4 protein chains.
Amino acid sequence: MSGNTFGVLFAVTNFGESHGPAIGCVIDGCPPGMALCEADIQPDLDRRRPGTSRHVTQRREEDKVEILSGVHEGKTTGTPICLLIRNTDQRSKDYGDIARTFRPGHADFTYLQKYGLRDPRGGGRSSARLTAPMVAAGAVAKKWLKEKYGTTFRGCMQQLGDVPIPFESWDHVPNNPFFAPIADVAHLEAYMDSLRKAGDSCGARIRVSASGVPVGLGEPLFDKLDADIAWAMMGINAVKGVEIGAGFASVTQRGSVHGDSLTPQGFATNNAGGTLGGISTGQDLEVSIAIKPTSSILTPRDTVDIEGQSTQVVTKGRHDPCVGIRATPIAEAMLALVVIEHALRQRAQNGDVVPPVPIESSFL
Amino acid sequence: MSGNTFGVLFAVTNFGESHGPAIGCVIDGCPPGMALCEADIQPDLDRRRPGTSRHVTQRREEDKVEILSGVHEGKTTGTPICLLIRNTDQRSKDYGDIARTFRPGHADFTYLQKYGLRDPRGGGRSSARLTAPMVAAGAVAKKWLKEKYGTTFRGCMQQLGDVPIPFESWDHVPNNPFFAPIADVAHLEAYMDSLRKAGDSCGARIRVSASGVPVGLGEPLFDKLDADIAWAMMGINAVKGVEIGAGFASVTQRGSVHGDSLTPQGFATNNAGGTLGGISTGQDLEVSIAIKPTSSILTPRDTVDIEGQSTQVVTKGRHDPCVGIRATPIAEAMLALVVIEHALRQRAQNGDVVPPVPIESSFL
Amino acid sequence: MSGNTFGVLFAVTNFGESHGPAIGCVIDGCPPGMALCEADIQPDLDRRRPGTSRHVTQRREEDKVEILSGVHEGKTTGTPICLLIRNTDQRSKDYGDIARTFRPGHADFTYLQKYGLRDPRGGGRSSARLTAPMVAAGAVAKKWLKEKYGTTFRGCMQQLGDVPIPFESWDHVPNNPFFAPIADVAHLEAYMDSLRKAGDSCGARIRVSASGVPVGLGEPLFDKLDADIAWAMMGINAVKGVEIGAGFASVTQRGSVHGDSLTPQGFATNNAGGTLGGISTGQDLEVSIAIKPTSSILTPRDTVDIEGQSTQVVTKGRHDPCVGIRATPIAEAMLALVVIEHALRQRAQNGDVVPPVPIESSFL
Amino acid sequence: MSGNTFGVLFAVTNFGESHGPAIGCVIDGCPPGMALCEADIQPDLDRRRPGTSRHVTQRREEDKVEILSGVHEGKTTGTPICLLIRNTDQRSKDYGDIARTFRPGHADFTYLQKYGLRDPRGGGRSSARLTAPMVAAGAVAKKWLKEKYGTTFRGCMQQLGDVPIPFESWDHVPNNPFFAPIADVAHLEAYMDSLRKAGDSCGARIRVSASGVPVGLGEPLFDKLDADIAWAMMGINAVKGVEIGAGFASVTQRGSVHGDSLTPQGFATNNAGGTLGGISTGQDLEVSIAIKPTSSILTPRDTVDIEGQSTQVVTKGRHDPCVGIRATPIAEAMLALVVIEHALRQRAQNGDVVPPVPIESSFL
């Protein structure tokens, strides 16, 4: 209820602060009998890890994950899986100033007003560092979904600040620090270099999708698959907008265009983004999210201090000038966690149902 | 877990089908001692009611709400409030055809694949008619929030299909069937008339906002206030996108522009849309949603039948050519339900906290 | 969260008051495709119904159940099933006195202190009448469990006030108003007659059991099958104690006696009562509960009024002199609701597991 | 949902296995601003710790607790508190035999049948060692309840196998290894010595109570305070029965005796055990539980092996001959966790209610 557990049947409880001794999560509800070791989880953590290019925070964290429970002789036992990641490169002194002032656009202010006190070191609990345990949990979810249903997840950057990024190929995504689906990212690097020099930050737009999603996932009224995806995505730090399928473009589409025709071979198009009535169609889930610019910047901003008096704030320390750059593996993980939750729900209530419509496959 | 309950502390369990004997909901967790009668709820239901103009479905439902429990001598008792709305104008024969085919863009297909059977009469459970009980529950939530914190909710249409609607004044909203914040809606009426003639449908963009929201609502990691709003909005039939504050526009904003400056008199701007780190700032909550065009149209569409064979479908019967027209009171209700949920959560965990920063008010 | 929903995957939300227009429940999560009509539910309601002998309350309620939603063409659709039972024989004037005083042993006092107000008519929400919707929901659960796993439920009275009732045969249970497993209940009738003449009430002990429960149901640490049974039973009005299997007798058993030996044909005994480590063994679930004497009696009792001043109270009106007499079908229903909840949970997480130990059957 | 989280508003997620690297829990929902350090938690852990007398398991664990998150500068921040306890004295080789056979009365069998595999080392997840994190979490709950409401918790042993233990004084409880409220425990020591020599085990009955509980805690229908207590107690390893107040003795009480009279100075007696209608009266909560004899004993028992073949099992290794001996601090912790959960729920829904009946105090 205090917002630190994600999911109900595949429930991930997240703990830790940016500058505490460790961060981590407990996964409750993982099906038993799946082979699992740290090496299954580490690659996704490495994709999210800071310090891998000059365009992200220079904090050096190895983000090595340790499985504390729930696995015996290399297999999940069905009991809680505790994943621990030690913090190793805290420099809390960097944050002395911001303990008494509020960064415009940052959770500093609201944490203090909500709880009456806060841990200001590195943003404490509000740090995007807390997405690391979700990436770890997402890797567990991805593995199970892959083995059980053949479901796969991928994502890429669609826009970096003012720069739209056309989709060329998924193959390019792993070859650049932006998760951009293009071969040449020199202009993105130049864009980021100039932004850093200006002491400013920018936003980004990220696409994430899932293939091989079984038909029938999602609850009809409130826990619609797309509603839970929207909840998961908006829960990622700095996200301000979420679209499923055609998204806001559907406002200007006619019904005769928007509705995806069905054929014996599957759907002809995917304006729906993989859900109808909140339930998966079997098509690819297609999600796009807006990420706002980082609030921790070197440019001086007008603000107040903890006594409510006018002042200015400049944020030094180590920060991502565009948190969107590392957001792709995070969004993939969140999507995977939503899908596994609904896969388990589906077999709870509807485990005896065989989808009756025999179209060749549910997706094209 | 099967997606028919909204909220945990102020939990609204929705039941019924479009053509069953009745629809309704049970509210569990309403604080006791609040004056409540049907007349407190009916006005919002009347705003959502079908048949009030030629631009919406011609189904004639009075949507009279009946309080079955939870109120004694005119006051809430803290026990479940059951709200019942009788269906009176079902014409199930209208739907004979669609029992064997699937409307592109409609939940027909996914309901059948998920459950193995479905109630096709009027869309059954997937009908937007099921938003009526939420509007009723939302009216209860609005009343409590108004009396306790002075919180108020309002919404309006921002775009109708291809037609953007500039914001002129909240005063215009109740004076036209579109909830448009403009004085003259003749061009919107003409647009809808031509659409109906074409046997087609269109989407819409709706804005909804809340004023007088206490600071500190929302949980930090996963049940962020904005994440729960996104979940609630994406749960409304036909919604494909959700924005909070600057939304997708934040992608191209610089950090030095996006972050709202704080002053002793409150925030200088509201790009955040009323939340930072998932927690309310005390500013207005600002939400915008994309609603797709209706899938039930007279234009013939390619589809398959329940044996998976190619066919075409034309949807007769009574349908809204733009479900967005009646979406404003629905979105307001959903926003109110999210806010009351978090208001109750906040006093559960943080009931002893006095927000320490003494800025004059938390919002401008 | 306000305690009116039972279960998560098979969630039953209960509403109504003793003297309101109706009581009922909404079942969310029922698997689809099961044949269901009112006639499947009514027999259990009739077993619980008041007015069927001189030993129970003389309130005349038919307790006719009406299915308002969730069933289409005679089959469950997987959407919420609303069950409605009209109240027809309210006589609220009977309760004028108790609006201002508190019956010792009754929830009058705590409802008022908790909520600040209460509905005193017939006990309002605290009336045992609210178990009727649970019996109805339990009938749905029983039907599904019977069809899916062959699980059956039954119960009987073990003690009536001072009178122990030896177990003779299940066959006798339906043949007397006490659910007593004995052929001759004349002494029980005499006992009740004398109690009524004395203007007093008595307690009872009830046994309830389930056969054909699949092995593996129940969560290991907190939602143990026996823990959830204890929760469900203690949630029935007037229950003060719960035992599983040997119960309190296990305190004086040695480990070498208590632990049930396993054989290739199943367990040799059932001190466990059907669970080990909170997980079903496949043996019969065996539960025993203590029900306290009714607090609404003609004998004058010392108490206070709503101003806190000393007074006496005598309760007229229509009351069960032993609520335990009608408790058997209630306890069966609650047990069935716990079992179906865990059956659905089990296939959510462990749907791929085949119990590996090939003993002939899990129970003898 | 998989049963490893206790509570909703004060949610404790438990992880770990008896012979894994560590056990622990994450507390989500602790109110902020409370002073908290390891020294606040350790004393209760020390009361539960193994190896403190010859009558309990000789496993040597210091059970030192480490706070990994949720506390900043000595105060709770309102974010998740992760408590970690390292396992240091695992001797997994002791358990080689029981990996292939099932101890009668033990969860060995059901874990394997439920999950298809299990961690047999020290009982894995089913070990009573997993109560240690609950004792730690309970210490946090106790501290908050003490500071906020003056609530206190205590418990004692009422019976050890065949030996009833009369209540003399709470003062004796800390002075003997049995938590017995008597001055001289020589006969209990002799009893245990003879039991150990016999290679057998025994059960126990434990009483636990809470004083200074605010009136009004507990939900009326299903999450009754006593129902949640029953759930919590039955969730402790080896518990087979739970009583509230008069418990099973209420079966033979008359209504004119059982119902506790109210006076302007409070209730005259406490047969209710502190709850009426599932809601706290303000009197002491009084709970009694039955603990079965340990299933790990030296006496040979008939059983089957994992192929379902007849065999015998003798359990060596280090075990408590009576798990009830260390159960008192566990039961106290579980009771405290139930009370804090309901204290937070109460102010969520009923935070504006002032209990209207002005009796001098709610308890005598």
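The present account deals with the structure reproduced in this document. As the structure is a computational prediction, the values presented were derived from the model and not from experiment.

Right, let's talk about the pattern of salt bridges for a bit. Under the defined criterion, the tally for this structure stands at 95 salt bridges over all chains. Two residues, Arg129 of chain B and Glu61 of chain B, come together in a salt bridge whose shortest N-O distance is 3.7 Å. With Arg129 of chain B in the loop between helix H2 (108-115) and helix H3 (132-149) and Glu61 of chain B in the loop between helix H1 (38-48) and strand E4 (65-67), this pair connects stretches of sequence that are 68 residues apart. Accessibility assignment for this pair places Arg129 of chain B and Glu61 of chain B in one class, buried. With its nearest N and O atoms 2.8 Å apart, the salt bridge here joins Arg129 of chain D to Asp63 of chain D. Of this pair, Arg129 of chain D sits in the loop between helix H2 (108-115) and helix H3 (132-149) while Asp63 of chain D sits in the loop between helix H1 (38-48) and strand E4 (65-67), and the two are 66 residues apart along the sequence. The same class applies to Arg129 of chain D and to Asp63 of chain D, which are both buried. A network of salt bridges, in which partner residues are shared, links Asp44, Arg47, Lys142 and Glu332 of chain A.

Before going further, it helps to spend a moment on the relation of the copies chain B and chain A. Placing chain B over chain A gives an RMSD of 0.0 Å and needs a rotation angle of 180°, together with 0.0 Å of translation along the axis. Considering both components of the superposition, the chain copies are consistent with a two-fold axis. Taking C-alpha positions as the reference, the residue of chain B nearest the rotation axis is Trp231 of chain B, at 2.4 Å.

Let's shift gears to the pairing of strand E11 (residues 239-244) of chain C. Taken across its 6 residues, E11 of chain C has 6 buried, putting it largely inside the fold. Sheet analysis places E11 of chain C next to strand E16 (residues 285-291) of chain C, joined by 5 bridges and oriented antiparallel. Looking at the pairing, Val239 of chain C lines up with Ile291 of chain C of E16 of chain C. Bridge count between E11 of chain C and strand E11 (residues 239-244) of chain D: 3 bridges; the pairing is antiparallel. If you follow Val242 of chain C over to E11 of chain D, its bridge partner there is Val242 of chain D.

Residues and elements named next belong to chain B. Taking 1.5 Å as the rise per residue, helix H4 (residues 186-197) with 12 residues should run 16 Å; its terminal C-alpha atoms sit 17 Å apart, in good agreement. Of all the residues in H4, the buried ones are Leu188, Tyr191, Met192, Asp193 and Leu195. Where the residues of H4 are buried, they touch strand E8 (152-160) and strand E9 (163-164). Phi for Gly199, located one or two positions after H4, is positive at around 65°.

The next thing to look at is helix H7 (residues 327-350) of chain A. Taking 1.5 Å per residue as the helical rise, H7 of chain A with its 24 residues ought to reach 34 Å, and the 34 Å between its terminal C-alpha atoms agrees with that figure. By the criterion of burial, H7 of chain A is predominantly enclosed, with 24 of the 24 residues buried.

Let's shift gears to the environment of Gly218 of chain D. Checked against the element boundaries, Gly218 of chain D lands in the loop between strand E10 (204-211) and helix H5 (225-234). For the pair formed by Gly218 of chain D and Phe6 of chain D, sequence separation is 212 residues and the distance between their alpha carbons is 16 Å. When residues no more than four places from it in sequence are discounted, the contact partners of Gly218 of chain D are Lys114 of chain C together with Asp223, Leu225, Gly278, Ile279 and His342 of chain D.

Attention shifts here to the environment of Arg91 of chain A. Residue and element names in this part refer to chain A. By secondary structure assignment, the location of Arg91 is in the loop between strand E7 (81-86) and helix H2 (108-115). Arg91 gets classed as partly exposed once you look at its relative accessible area, which sits at 37%. Sequence spacing of Arg91 and Arg121 is 30 residues, and the spatial spacing of their C-alpha atoms is 8.3 Å. Those residues in contact with Arg91 that sit more than four places away from it in its chain are His19 and Arg318.

So, on to the packing of aromatic side chains. As enumerated under the stated definition, the model contains 30 aromatic pairs over all chains in all. Relative to Phe248 of chain B, the ring of Phe248 of chain A has its centre 6.0 Å away and its plane inclined at 70°; by these criteria the two rings are edge-to-face. Taken together, the residues Phe248 of chain A in the loop between strand E11 (239-244) and helix H6 (255-258) and Phe248 of chain B in the loop between strand E11 (239-244) and helix H6 (255-258) connect one chain to another. For the pair Phe248 of chain A and Phe248 of chain B, one class covers both residues: buried. Ring pairs connect the aromatic residues Phe6 and Trp231 of chain A together with Phe222 of chain B, which therefore count as one cluster. The ring of Phe167 of chain D carries the charged tip of Arg207 of chain D above its face, separated from the ring centre by 5.2 Å.

Parameters at a glance
Residues numbered from 1 in each chain as written. Chains lettered and ligands numbered in written order. Predicted model: local features only at pLDDT ≥ 70, side-chain atom pairs only at ≥ 80, totals over all residues. Heavy atoms only, no water. Salt bridge = Lys/Arg side-chain N within 4 Å of Asp/Glu carboxyl O. Helix = DSSP H or I, 4+ residues; strand = E, 2+ residues; numbered from the N terminus. Buried < 20%, exposed > 50% of the residue type's maximum accessible area, 1.4 Å probe, protein only. Least-squares fit on C-alpha atoms with pLDDT ≥ 70 in both. Pairing = 2+ DSSP bridges. Expected span 1.5 Å × (residues − 1). Contact = heavy atoms within 4.5 Å. Phe/Tyr/Trp six-rings, centres within 6.5 Å; stacked < 30°, edge-to-face > 60°. Lys NZ or Arg CZ within 6 Å of the ring centre and 35° of its normal.

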